[in-house]
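The chain contents come next:
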Amino acid sequence: KIFQAVVSCIGGDGTIYIIPKSFETALNKLMAEMQNTFKGLGLLIPYCWKKGEACVVRGSDTVWYRAKIVEVSGNILQVQYVDHGYIESIPQCHLYPTTFYTGIPPFCIPCQLYKTLPIGNFWQQDAVDYLQELLKNEEVEIHVEELPANPWGKLSISLYFGGMSLSSFMAYQKYCVAEDCQDIQKLGVFEGGLSPSYLLQPLPFPGETFPVTVTHLVSPKEVYICLDSSGNLTKQSATERAAGHDSESLNKALKWCNKIVKTLPHLTNFKKELPCLAEYVDGLWYRAKLLSITQLVPVQILVQFVDYGTYLVAPTSRLRHIPCHLLKYPVQAVRVLLAGFKPASGDKNVERIPYSPEWSLKALWTMVDCVEGKRLSASILTVSPEVTISLYGDDKNLVHLKLIEMGLAELDE
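Residues numbered from 1 in each chain as written. Predicted model: local features only at pLDDT ≥ 70, side-chain atom pairs only at ≥ 80, totals over all residues. Heavy atoms only, no water.

Naming follows an unreviewed UniProt entry, where the protein chain appears as RING finger protein 17 of Falcunculus frontatus. According to the UniProt record, the Subunit (unreviewed entry) comment for the protein chain is "Interacts with MXD1, MXD3, MXD4, MXI1 and PIWIL1. Self-associates." Quoted straight from UniProt, the Function (unreviewed entry) entry for the protein chain says "Seems to be involved in regulation of transcriptional activity of MYC. In vitro, inhibits DNA-binding activity of Mad-MAX heterodimers. Can recruit Mad transcriptional repressors (MXD1, MXD3, MXD4 and MXI1) to the cytoplasm. May be involved in spermiogenesis." (UniProt positions renumbered as here; feature names shortened; annotations may be inferred.)

Quick look at the structure:
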């Protein structure tokens, strides 16, 4: 069985507590009911607590939770939150004994990694801390491998985050040995001899009108677009729906990669067009490809972020190997030429685009205003030798008409 779940916590012994996504509605309903049932403080009169006894606990967030007594030590009791897994020491005044809700099974499931042996036969504290930092409150994919011998035992699972196997990843980090580690290569960071490449984005058929966003402008005529999947799903073509699904899955995978990026090795191969991860100015890491070495001392590399079209000159410290599973998603940004206009021969603005001097900077900034943050649509005219499109604004008019009105461009039949 395969299902999505949220990791609620990691136990001190490395137990992974998960709440299946399918349980969330029932858990939220129970929690709401408990808040209405229990009011005020816990039990303020003396009470003889017993290990394993059911209770409700008023947490530090003032919310009531189901729990059971794990250990009794004077006025401080160690309790386990049965629907979330974590263990906490609580003063008696924040607990209430109850037989309410004991007939409802716990919503969280204790799990262990299938055929995975921690170094030293138990999970070391640094490994537990790392698992907690990596997984807590995150949505993951669970593959059930083996049921426990008794109903209260741990479920043996394979856990995948962002397309990566947790067992393989922890084995790579030297925290454990994974017996079934056939997918260790999927991390891709060890395959120095290979030259992988990105998949291209499939485009709608010429003549179809489809929603797009402009992610980068090289000039008023040359831009990068992404298929916009946020529109009306019923009107979307199969290509647009697939692009939307790829974009969502890619964003999840990149979020995970940003969490583990320090474990990925720095690039040592600077072959042109080589896929990599690069750190942008916002401090996040994105998919990129190498274009050229712009400086040797110190080494500076020109890269292009393939899902946006933007460029960056970066030191090698901001470039890392890309895990292979990130290569299965097509590049999100497509380079296109806009049809129907050309630079105005009478444009007297002296400030020109250095790499495209036929265009004035004013024309570029005007086009930026026309497309930035706008809901645009496009129609492909030709795909060879270059993808050429007509680009329409949210008012359904061609975006370049504003440049023509201002004398910054002229019609090109």
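Asker: Let's hear about unusual backbone geometry: which residues, and what values?
Answerer: The omega torsion of the bond from Val 297 to Pro 298 falls at -15 degrees, within 30 degrees of zero and hence cis. The residue Pro 298 is located in the loop between strand E17 (285-295) and strand E18 (300-305) in this model. Here the amide bond leading from Ser 384 into Pro 385 is cis, since omega sits at 0 degrees, within 30 degrees of zero. With respect to the secondary-structure elements, Pro 385 resides in the loop between strand E25 (376-382) and strand E26 (388-392). The backbone of Asn 121 sits at a positive phi, close to 70 degrees, despite the residue not being glycine. According to the relative accessible area criterion, Asn 121 is exposed, its value standing at 61%. Phi at Lys 174 is positive, roughly 70 degrees, even though this residue is not glycine. Examined against the element boundaries, Lys 174 turns out to sit in the loop between helix H3 (166-172) and strand E13 (176-178). Under the relative-accessibility criterion, Lys 174 is labelled exposed at 65%. (Helix = DSSP H or I, 4+ residues; strand = E, 2+ residues; numbered from the N terminus. Buried < 20%, exposed > 50% of the residue type's maximum accessible area, 1.4 Å probe, protein only.)

Asker: Pulling in residues and values, what's your account of the pattern of salt bridges?
Answerer: A complete count under the given rule lists 13 salt bridges for this structure. Residues Glu 138 and Lys 259 are paired through a salt bridge, measuring 3.1 Å at the closest nitrogen-oxygen approach. Remark: Lys 259 occurs in helix H4 (residues 238-260) and Glu 138 occurs in the loop between helix H2 (125-135) and strand E10 (139-146); sequence separation between them is 121 residues. Residue Glu 138 is classed as buried on the basis of its relative accessible area, which comes to 13%. Of the residues examined, Lys 259 reaches a relative accessible area of 33% and is grouped as partly exposed. Of the charged contacts, one joins Glu 273 and Lys 289 as a salt bridge, the two residues approaching to 3.3 Å between their closest N and O atoms. Of this pair, Glu 273 sits in the loop between H4 and strand E16 (275-279) while Lys 289 sits in strand E17, placing them 16 residues apart in sequence. Among the ionic contacts, a cluster of salt bridges with common partners joins Lys 21, Glu 24 and Glu 139. (Salt bridge = Lys/Arg side-chain N within 4 Å of Asp/Glu carboxyl O.)

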